[in-house]
Amino acid sequence: MPELTPDLSTVEPAPFLLDKLILVQRVFLTAVALIAVGTLCGWLIPAAERFLPDGWNGMRAQTALAALLSALGLIFSEHRRSRRMYCISLLFSCAVGLLAAAVLAEYAFHISLGVDILGTLDPAFPTVAPGRMAVQSALAFELLAIAMILVRLHRRFAAHVADVAVSCLCLTVLILVAGHIFGTLSVDELSLGYRPAPQTLLCLAMLTLVVFTRNAKHSFFRILLGRGIGGRIARFAAPIVIVLPFLRETVRIHVIRLHLVHEEYLSATGASFSAIVTLVLVLVLAWRINGLEEEVRELSLRDELTGLYNRRGFYMFAEQPLRVARRSHLPFCVFFMDMDNLKRINDSFGHDAGSMILAETGKILNETFRETDVLGRIGGDEFAVAGQFSEVAISIAANRLQAIFDERNSDPEWRNGLHFSLGYAVSDETGQESLQDLLARADHAMYLDKRRKKVSVH
């Protein structure tokens with residue numbers, strides 16, 4: 001059986017995000033279904049009208065039906081459902097597509113296909129097609145149906161087509177929502193149908209977000225769900241980039257209507273504000289990237305178990321104080337420490353016990369040596385310390401280290417298991433030895449100490 005390894009790709013969706021998105025999707029789909037069912041009841045059951053809020057009939061019967069079918073299609077196509085459920089969702093998606101296509105054909109060719117006779121005549125909009133959805137809504141639902149059909153197909157060509165369909169759907173819904181917010185559309189100005197109702201736009205927005213997040217797991221947009229640095233930055237910047245233009249335009253329209261500022265100054269102010277906000281966003285992202293880069297760099301140089309530098313980090317950070325000691329003609333010392341009998345402890349008590357001893361050793365080294373010294377775990381049970389030490393300081397450090405270990409061994413928790421062998425090497429008078437040379441001499445001295453202990457025991 002092949003060994004299973006965790007997926008460490010930073011582009012793949014973060015599991016915690018997927019769990020949250022599934023919950024959000026279910027809430028959105030439930031809300032769409034409730035709005036659609038309530039609206040359909042109002043159109044089909046006259047007695048139910050008095051229980052609905054004012055303006056409910058702004059959402060037409062066809063629109064409510066398309067929204068309900070879309071919600072059901074997305075509910076049945078949820079991840080990990082059976083193939084039978086997926087086929088049912090495909091039927092709902094096709095029904096939405098056919099309904100929207102029929103409405104678009106009616107508008108284009110000025111015909112009636114008999115799908116717009118639901119409900120009663122609306123006094124506010126006397127027409128022969130009281131239940132017909134707006135042409136903008138029909139276009140949005142047609143794109144939604146195409147996206148719903150393609151989202152589950154992970155073949156390369158189908159995935160690209162799904163990306164295009166979802167992008168067009170997002171653009172269409174953004175235009176409709178922005179048009180409603182800006183108040184630029186009105187019944188008198190619109191020759192192709194009436195303006196979509198607020199509840200229609202709300203349903204379209206929620207359905208679009210569900211389709212977008214479902215498609216994002218396998219598409220170009222999956223970087224938004226990624227667990228890496230790029231995904232975290234994208235999730236921070238994307239809402240700002242999307243909201244900022246609409247906020248700016250909303251303010252501009254209201255200022256123009258109130259005649260507070262001349263239009264040329266308003267344009268200049270808007271452009272300047274956008275430039276400053278964009279610059280601030282770039283700077284925030286730069287600081288954020290630097291911070292994340294430092295975190296990654298620190299993680300790559302640290303030993304996770306002990307918190308000390310790993311072998312790479314030890315060599316990297318010990319080179320600088322060695323060069324300083326050479327220039328200043330100061331002694332430079334490298335300690336090499338090996339934990340005794342760690343293999344026996346692992347075999348007798350398990351690797352968790354050995355890990356506890358290694359972690360406690362890292363803690364003891366931090367207590368013993370100075371902040372300016374470089375501490376590292378450079379092997380499985382091997383530790384190294386580098387710094388500027390005089391002969392007296394070397395003796396004091398070694399004695400203090402032994403005293404702390406003896407104190408820990410008196411605690412029953414450690415079962416007298418904290419023992420080490422220690423060696424050290426001091427740079428010669430010429431100061432030309434490399435860090436690797438000093439570490440090799442200290443390693444040799446440590447083995448002599450270990451051999452001496454074995455001889456004394458026998």
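Given the structure is predicted, the values throughout are model-derived calculations rather than measurements.

1. Describing the overall build of the protein chain
Phase 1 of the analysis: Of the regular secondary structure elements, the protein chain holds 13 helices and four strands.
Phase 2 of the analysis: Among the 458 residues that make up the protein chain, the fraction classed as buried is 41%.
Phase 3 of the analysis: Sequence-distant contacts in the protein chain: of pairs separated by 6 or more residues, those separated by 24 or more amount to 70%.
Phase 4 of the analysis: Taken as a whole, the protein chain presents about 26300 Å² of accessible surface, with 64% of it coming from carbon and sulfur.

2. Topic: the side chain of Asp373
Phase 1 of the analysis: In this structure, Asp373 sits in the loop between helix 11 (351-368) and strand 2 (374-377).
Phase 2 of the analysis: Taking relative accessible area as the criterion, Asp373 reaches 7% and is therefore assigned buried.
Phase 3 of the analysis: At 2.9 Å, the side chain of Asp373 and the side chain of Arg370 are in polar contact.
Phase 4 of the analysis: Each residue touching Asp373, except ones within four places of it in the same chain, is listed here: Val385, Ala386, Gly387, Gln388 and Phe389.

3. Some details on the pairing of strand 1 (residues 333-339)
Phase 1 of the analysis: In terms of burial, strand 1 is largely enclosed, as seven of its seven residues are buried.
Phase 2 of the analysis: The two faces of strand 1 match: Cys333, Phe335, Met337 and Met339 on one face and Val334, Phe336 and Asp338 on the other face are all buried.
Phase 3 of the analysis: Taken together, the six bridges between strand 1 and strand 3 (residues 382-387) define a ladder with antiparallel strand orientation. Its bridge partner being in strand 3, Met337 is matched across the sheet by Phe383.
Phase 4 of the analysis: Note: strand 1 against strand 4 (residues 420-426), seven bridges, orientation antiparallel. Directly across from Phe335, in strand 4, lies its bridge partner Tyr424.

4. Concerning the packing of aromatic side chains
Phase 1 of the analysis: Scanning the model with the defined rule gives eight aromatic pairs in all.
Phase 2 of the analysis: Each ring, one from Phe369 and one from Phe389, has its centre 6.1 Å from the other, and the planes form 90°; the classification is edge-to-face. One end of the pair, Phe369, is in the loop between helix 11 and strand 2; the other, Phe389, is in the loop between strand 3 and helix 12 (391-409), with 20 residues separating them in the sequence.
Phase 3 of the analysis: What makes Phe369 buried here is its relative accessible area of 8%.
Phase 4 of the analysis: Its relative accessible area of 5% is what places Phe389 among the buried residues.

5. Some thoughts on unusual backbone geometry
Phase 1 of the analysis: The residue His329 is not glycine, and still its phi comes out positive at about 55°.
Phase 2 of the analysis: Using a relative accessible area of 72% as the deciding quantity, one classes His329 as exposed.

6. Focus: the nonpolar core
As a rule of thumb, nonpolar side chains are buried together in soluble globular proteins.
Phase 1 of the analysis: Grouped together as the largest cluster of nonpolar side chains are 44 residues, with contacts concentrated most on Phe141, Leu207 and Val211.
Phase 2 of the analysis: Elements with a contribution of two residues or more to this core: helix 1 (15-44), helix 2 (61-76), helix 3 (83-109), helix 4 (135-151), helix 5 (156-182) and helix 6 (198-216).
Phase 3 of the analysis: Top element by residues in this core is helix 4. It accounts for 10 residues.
Phase 4 of the analysis: Membership of the second largest hydrophobic core comes to 26 residues, among which are Leu358, Leu375, Phe383 and Leu422.

7. So, the environment of Leu144
Phase 1 of the analysis: In this structure, Leu144 sits in helix 4.
Phase 2 of the analysis: In sequence terms Leu144 and Leu204 are 60 residues apart; their C-alpha atoms lie 8.7 Å from each other.
Phase 3 of the analysis: Leaving out residues up to four positions away in the same chain, Leu144 has contacts with Ser70, Leu169, Leu207 and Val211.

8. Re helix 2
Phase 1 of the analysis: With 16 residues, helix 2 extends 23 Å between its outermost C-alpha atoms, agreeing within 8% with the 22 Å of an ideal straight helix rising 1.5 Å per residue.
Phase 2 of the analysis: Extensive coverage of helix 2 is indicated by the burial of 12 of its 16 residues.

9. Looking at the sheet that holds strand 1
Phase 1 of the analysis: One open sheet holds the four strands; their spatial order is 2-3-1-4, and the pairing between them is antiparallel. If you trace the sheet from one side to the other, it starts and ends with strand 2 and strand 4, each paired once. Along the sheet, successive strands turn relative to each other by an average axial angle of 15°, direction set aside.
Phase 2 of the analysis: Along the sheet face, helix 11 touches strand 1, strand 2 and strand 3 and points at about 155° away from the line of strand 1.
Phase 3 of the analysis: The sheet strands contacting helix 12 are strand 1 and strand 4, and the helix crosses strand 4 at an angle near 170°.

Rules behind the numbers
- Residues numbered from 1 in each chain as written.
- Predicted model: local features only at pLDDT ≥ 70, side-chain atom pairs only at ≥ 80, totals over all residues.
- Heavy atoms only, no water.
- Helix = DSSP H or I, 4+ residues; strand = E, 2+ residues; numbered from the N terminus.
- Buried < 20%, exposed > 50% of the residue type's maximum accessible area, 1.4 Å probe, protein only.
- Contact = heavy atoms within 4.5 Å.
- Areas by Shrake-Rupley, 256 points an atom, 1.4 Å probe, with all protein chains shown as cover.
- Polar contact = N/O pair within 3.5 Å; in protein donor to acceptor, adjacent residues only side chain to side chain.
- Pairing = 2+ DSSP bridges.
- Phe/Tyr/Trp six-rings, centres within 6.5 Å; stacked < 30°, edge-to-face > 60°.
- Core = buried A, V, L, I, M, F, W, Y, C linked by side-chain atoms within 4.5 Å.
- Expected span 1.5 Å × (residues − 1).
- Axes fitted to C-alpha atoms, helices over the stretch in contact; angles between N-to-C directions.

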